[in-house]
Amino acid sequence: MKIARAFAASPRLEVFFALAAVLANDESRPQSEAVRRWLDQARRKLDQGFRRRLGDQAGSPDLWRRLAALPLPRAAAESPDVDGVIEAVAALPAERFAPASDPEALQLLVVDALRRFDRLAFAAYWRRWREELAGPAPRLEARLGHLSIDAPAPKVETAIFVPSRFAPPGFVAGFDRGGAVLPLDPDRLPSPEAPPSPLPRVASAPRDPALVFRALGDATRYTIAGLIARTPMTSAELARRLGVSKPTLAHHLRELRIAGLVLEARSGNRIALSLDRAALESLSGAALAALYAGAEAAPLRRSRRPARRQG
């Protein structure tokens, strides 16, 4: 059976998972600097008073992740603003919030918390991201037929993909009459363009494990590596995603190039950067060979600063 697919620039999933991310205070998932800044700002705005109102149960990130799977109507999945999602949550039967000791009270608390979260932090985040999606949305819609659907039920007739940077891969929420809502992160999609023709590669420096570890040991460079591993991107696209200046980005790319981790390919006037997977796959063997080599290791240099003169 052919599944109908659509893309909706809706906060249907993101409002729940973004609040869970704010409450979790978990920095393990790679995010752009702009998103990390928003998370820091949101945590400051959602002060202790907000958290006290949530209490122990509603203050748990896991609760908001579970609430993202609520079977809301299709209209909520296609709503361009948070109000449509919140109104759908408020209209649900209270038993949907069982096994809470007082499902009606929990439902009222959830609706109030979503409204306050939207007003204090989420509205500004969603407004900016929706504007960013205005350009690539037609291309995303055209590519939906190539995206896999990990729906748990085989009777899904309609799939609506909505943007989410915080939803876990493979997450599926349902709606009435065989519908599924799935997260889609445009930042992590493979490039929709035809494979670019490779540039003639200059012989790169040997992949010294120490250079690779040093390059990836920086949080910004690790984020860059994650972005170009999933989607070939130009330096301008990277600077925009990360919210950094071009000179700053050039510095980080230079370190990644020195480590032999960056591939370049030309498509018209566009030079796309990608991560050299072969370099990483060979890293383990190279690191073992270097660490267990017979030669005595060079002394560790603790600092590049010259020693301070005494006296």
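A brief look at the structure comes next. Residue numbers run consecutively from 1 along every chain, following the written order of its sequence. The model is predicted, so local features are restricted to residues of pLDDT at least 70 and side-chain atom pairs to those at 80 or more, both for listing and for counting; the totals for chains, interfaces and linings are taken over all residues. Note that water and hydrogens are dropped before the side-chain values are worked out from all heavy atoms of the structure.

### Quick word on the sheet that holds strand E4 (residues 179–184)
Point 1. For two strands to be treated as a pair, DSSP must find at least two bridges joining them. In this description a helix means any DSSP run of H or I spanning at least four residues, a strand means any run of E spanning at least two, and both kinds are numbered starting from the N terminus. Read from one edge of the open sheet, four strands run E1-E2-E4-E3, paired in mixed fashion. In this open sheet, the two strands that pair with only one neighbour each are strand E1 (4–7) and strand E3 (173–175). Each strand axis lies, on average, 25° off the axis of its neighbour in the sheet, ignoring direction.
Point 2. By the bridge criterion, four bridges tie E1 to strand E2 (residues 158–163) in an arrangement that is parallel. Along E2, the bridge assignment pairs alanine 4 with threonine 158. The convention used is that axes are lines fitted to C-alpha atoms, helices contributing only their stretch in contact, and that angles between N-to-C directions extend from 0 to 180 degrees.

### Observations regarding the nonpolar core
Point 1. By nonpolar core is meant a set of buried Ala, Val, Leu, Ile, Met, Phe, Trp, Tyr and Cys residues that side-chain atoms within 4.5 Å join together. Think of it in three bands: residues with accessible area under 20% of the maximum for their type are buried, residues over 50% are exposed, and the middle band is partly exposed, with areas taken using a 1.4 Å probe on protein chains only. Formed by 55 residues in total, the largest nonpolar core has its most connected members in Phe16, Trp38, Trp64, Phe117 and Phe166.
Point 2. Contacts are assigned to residue pairs with any non-hydrogen atoms lying within 4.5 Å of each other. The contacts of phenylalanine 117, once residues within four sequence positions are left out, are Val15, Ala18, Leu19, Val22, Trp38, Leu46, Phe50 and Phe122.
Point 3. Counting 21 residues, the second-largest nonpolar core is a separate cluster that includes Ile228, Leu249, Leu261 and Leu275.

### Here's the deal with the packing of aromatic side chains
Point 1. A pair of Phe, Tyr and Trp rings is counted when the ring centres sit within 6.5 Å of each other, with Trp represented by its six-membered ring. The angle between the planes then sorts it: under 30 degrees is stacked, over 60 is edge-to-face, the rest tilted. For the structure on display, the rule yields ten aromatic pairs.
Point 2. Relative to phenylalanine 166, the ring of tyrosine 125 has its centre 6.3 Å away and its plane inclined at 45°; by these criteria the two rings are tilted. A residue pair is termed long-range when its members are at least 10 positions apart, and tyrosine 125 in helix H7 (residues 103–133) and phenylalanine 166 in the loop between E2 and E3 qualify at 41 residues.
Point 3. Grouping aromatic residues by their ring pairs yields a cluster made of Trp38, Phe117, Phe122, Tyr125, Trp126, Trp129 and Phe166.
Point 4. Counted as over-ring charges are cases with an Arg CZ or a Lys NZ within 6 Å of the ring centre that also lie within 35 degrees of the ring normal. Here the guanidinium or amino end of arginine 165 rests over the ring plane of tryptophan 129, the centre of that ring lying 4.1 Å away.

### Thoughts on helix H3 (residues 48–58)
Point 1. Every buried residue belonging to H3 is among Phe50, Leu54 and Ala58, and all of these are buried. Down the axis of H3, the buried side of the element spans an arc of 25°, and every buried residue falls inside it. Among the exposed residues of H3, those pointing more than 90 degrees away from its buried face are Gln48, Arg52 and Asp56.
Point 2. Against the buried residues of H3 lie helix H1 (14–24), helix H4 (61–67) and H7. This arc is taken over the directions from the axis of the helix to the C-beta atoms.

### Considerations on the side chain of serine 164
Point 1. Its location among the elements puts serine 164 in the loop between E2 and E3.
Point 2. A relative accessible area of 2% places serine 164 in the buried class.
Point 3. Among the polar contacts listed, one links the side chain of serine 164 to the side chain of glutamate 14, at a separation of 2.5 Å.
Point 4. Ignoring any residue separated from it by four or fewer positions in sequence, one finds serine 164 in contact with Glu14, Phe17, Trp129, Pro183, Leu184 and Asp185. As used in this structure description, the phrase polar contact means that two N or O atoms lie within 3.5 Å; if the pair is within protein, one of them must be able to donate a hydrogen and the other to accept it, and residues adjacent in sequence are counted only when both atoms belong to side chains.

Everything listed here is a matter of geometry and, on its own, says nothing about what the molecule does.
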